[in-house]
Structure formats: C-alpha cells, structure tokens
Amino acid sequence: MKLPQRANKSVSTIQQVFENCVQQSAAGVLDILYPPACLVCSAWLQAGCLCQQCINTFRPVPNPLCSWCGSPCPSSDILCRHCRQTGAPPFHWSVAAGVYEGALRQSIHCLKYRRKTALAAPLGRAIYDAAVHSPLAEQNTDMVVPLPLSAARRAQRGFNQAELLALAFCKQSGLPLCTGSLVRSGRGPSQTKFGIEQRRKNIQGLFMVRCISRVEGKTILLIDDVITTTATVREAAGALMDAGAKRVLVAAAARAV
Ligand SMILES: [Zn+2]
Ligand SMILES: [Zn+2]
C-alpha cells in the first residue's frame, strides 16, 4: 500500500514540476510575444503595470492646506470652503498621493472602468508613500477600512477599487485590513452635478457600521480612490465616529483640486 502511494506521490511531483516548467515557459513566451507594458503610456516594462516615468508625474496636492481637513484652500483662508460651510470634519486629517489629473487620473480610470486591477498595487504604494510623509504618520493607526460601495454597484463592477487600494496599502504598511464592518446602504443619486450642501444632504445616512465592537476605540484609516468635496468621506467617517471609533484618518489615491 505504501509503495504505490509513494510512486503516485513522485509521479504527481514530477507532473507538478513539468506543469510548472510548462507554465513558466508559457509565461516567458508570452512575455516575449507581449512584453509587459505601462497601462497608461504603453512603455515597455521589466515588470509591473505602471512605469516610473508615469508615477513621477503624480503632482503632490499643493499648499496651503485646510487646517481642519487637509484639503487645498485659497491662500487667504485657513479653512476650505467645505469646512467653512459645514463645520469641522469627523476625521482628523486627509492625504492623497497626488492631484486628480494626468497619469494618476488615467490609472484610476483604468483600474475602475477598464478593470485593470493590477494598477491597485502601484497606486496603493503611492498612497502609502504620501501617508508616511504626512501628519498621518504620527498617528497610531489600528486598522484600514476601505470606503464601501453599495452592494448593487459592487456587483455591477465586480470589485471595490477602494478595497483593492486598501489591500495594497496594507501590504506596504503591515496594518490589518477590515472589510465588512462599514457598509453603504444604498447607491444614492450621482453626486457629480450637485453643490456641497446638496451633496451632503444626498448622502446623509448612507453609511452604517455593522460590527460596532470591531471599530470601538480604534484609530481607523479610511481609504478611497478619489476625494472630491470630502462630502462622502465626511459621511463615512461620521458613521465610524458615531459607532465609537477613537479617531478617523483619510487617505486616497487622488484629490480633485
Ligand atoms: Zn507609463
Ligand atoms: Zn477643510
């Protein structure tokens, strides 16, 4: 009984080695036929999906920044328009890898709308690089929470881009990823054509915390793909704070300015 088992085992090992060789050779042939290219500018790459030249064009969010929420604001003000209109945000600070333009905007579009999910890795690393050079680095963050999509939107897209970015961020930082405790109850109307006040009203009550014990007393880093008016992250951070979170921080791949 033992011998055939060992023989079978060695056969399967040989088969596995053979299959691995075939797979590696196939990957090698594919790399020669279709060399990896930057998904934004099509430059040939040794590895990865976004070239360093494209990453180098990410423009940092310009100063001065709102002293309450970290958004850019006119030089004459110490608070941004949103904070002046709606008050202090329920999050401590926000940071983005760059301004929502050029190669950064294109790579976020490729990730979300062309399903190039491999782009989450370099974008997550860019968020991490921005966070470690910001006031966020001084906080004792307990965990990372991606901004949730509604169940309908997630099913339609097949993935939540913020979750992929958060996962890539966690691989860099070593922080735990917490999904499922913050949920988005509905899709809500499209926000693009509304002003700050209307946006705020539209998304009130859109987020809820499903598992309070996981967020209670925790310092949470909320991750999104793009911050526009901060209305959405304010609402999500507010739900986490209402559920007993100690502090909420926000990081995103890009910020519209
Ligand atoms: Zn490129
Ligand atoms: Zn502000």
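A brief structural summary. In this text, all values refer to a predicted model and were calculated from it rather than measured experimentally.

### Details of the overall build of the protein
Then, number 1: Each helix and strand in the protein was counted, giving ten helices and six strands.
Then, number 2: Burial status across the protein gives 37% buried among its 257 residues.
Then, number 3: Partitioning the contacts of the protein with sequence separation of at least 6, the portion at a separation of at least 24 is 72%.

### Points about helix H5 (residues 120-132)
Then, number 1: With 13 residues, H5 extends 18 Å from end C-alpha to end C-alpha; this agrees with the ideal 18 Å at 1.5 Å per step.
Then, number 2: Among all positions of H5, only Ala120, Pro122, Leu123, Gly124, Ala126, Ile127, Tyr128, Ala130 and Ala131 are buried.
Then, number 3: Residues of H5 that are buried sit in contact with helix H2 (52-56), strand S1 (94-99), helix H4 (102-113), helix H7 (161-173), strand S5 (219-227) and strand S6 (247-255).

### Topic: the sheet that holds strand S2 (residues 143-146)
Then, number 1: One open sheet accounts for four strands, arranged S1-S6-S5-S2; its pairing is parallel. Every interior strand has two partners, whereas the edge strands, S1 and S2, have only one. Pairwise comparison of adjacent strand axes, ignoring direction, gives a mean angle of 20° for this sheet.
Then, number 2: Two strands pair when backbone bridges link them, and S1 and S6 are joined in this way by five bridges, in the parallel orientation. Each bridged residue has a counterpart across the sheet, and for valine 95 the counterpart in S6 is alanine 251.
Then, number 3: Sitting on the sheet, H4 touches S1, S5 and S6, and the angle it makes with S6 is about 100°.

### Comments concerning the pairing of S5
Then, number 1: Of all nine residues making up S5, seven are buried, and the element is well covered by its neighbours.
Then, number 2: Direction of pairing for S2 relative to S5: parallel, over a ladder of four bridges. Residue pairing for S5: valine 145 is matched across the bridge by leucine 222.
Then, number 3: Note: S5 against S6, eight bridges, orientation parallel.

### A look at the nonpolar core
Then, number 1: Counting 61 residues, the largest nonpolar core has Ile127, Leu165, Leu222, Ile223, Leu240 and Ala253 as its most contacted members.
Then, number 2: Those residues in contact with leucine 165, other than ones at most four positions away along the chain, are Ala120, Leu123, Gly124, Ile127, Ile223, Asp225 and Ala253.

### Focus: unusual backbone geometry
Negative phi characterises most residues that are not glycine, and trans characterises most peptide bonds.
Then, number 1: Here the amide bond leading from asparagine 63 into proline 64 is cis, since omega sits at 0°, within 30 degrees of zero.
Then, number 2: Considering the arrangement of structural elements, one finds proline 64 in the loop between H2 and helix H3 (81-86).
Then, number 3: Of note, serine 42 is a non-glycine position whose phi angle comes to about 70°, a positive value.
Then, number 4: Structurally, the position occupied by serine 42 is in the loop between helix H1 (2-33) and H2.
Then, number 5: With 9 C-beta atoms counted inside 10 Å, the residue serine 42 sits in the exposed group.
Then, number 6: One non-glycine residue, arginine 115, adopts positive backbone phi at about 60°.
Then, number 7: Within the secondary structure, arginine 115 is located in the loop between H4 and H5.

### Some remarks on the environment of alanine 166
Then, number 1: In this fold, alanine 166 is placed in helix H7.
Then, number 2: Classification of alanine 166 by C-beta neighbours within 10 Å gives buried; the count is 28.
Then, number 3: If near-sequence neighbours (up to four positions away) are discounted, alanine 166 is found in contact with Val144, Pro146, Leu177 and Ile223.

### Observations regarding the environment of alanine 253
Then, number 1: Inspection of the secondary structure assignment puts alanine 253 in strand S6.
Then, number 2: Here the alpha-carbon distance between alanine 253 and aspartate 225, two residues 28 residues apart in the chain, equals 5.1 Å.
Then, number 3: Leaving out residues up to four positions away in the same chain, alanine 253 has contacts with Ala96, Ala97, Leu104, Ile108, Leu123, Ala126, Ile127, Leu165, Asp225 and Val226.

About the cut-offs
- Residues numbered from 1 in each chain as written.
- Chains lettered and ligands numbered in written order.
- Predicted model: local features only at pLDDT ≥ 70, side-chain atom pairs only at ≥ 80, totals over all residues.
- Helix = DSSP H or I, 4+ residues; strand = E, 2+ residues; numbered from the N terminus.
- Buried ≥ 20, exposed ≤ 12 C-beta atoms within 10 Å, placed from the backbone.
- Contact = placed C-beta atoms within 7 Å.
- Expected span 1.5 Å × (residues − 1).
- Pairing = 2+ DSSP bridges.
- Axes fitted to C-alpha atoms, helices over the stretch in contact; angles between N-to-C directions.
- Core = buried A, V, L, I, M, F, W, Y, C linked by C-beta atoms within 7 Å.

Just distances and angles here, no functional claims.
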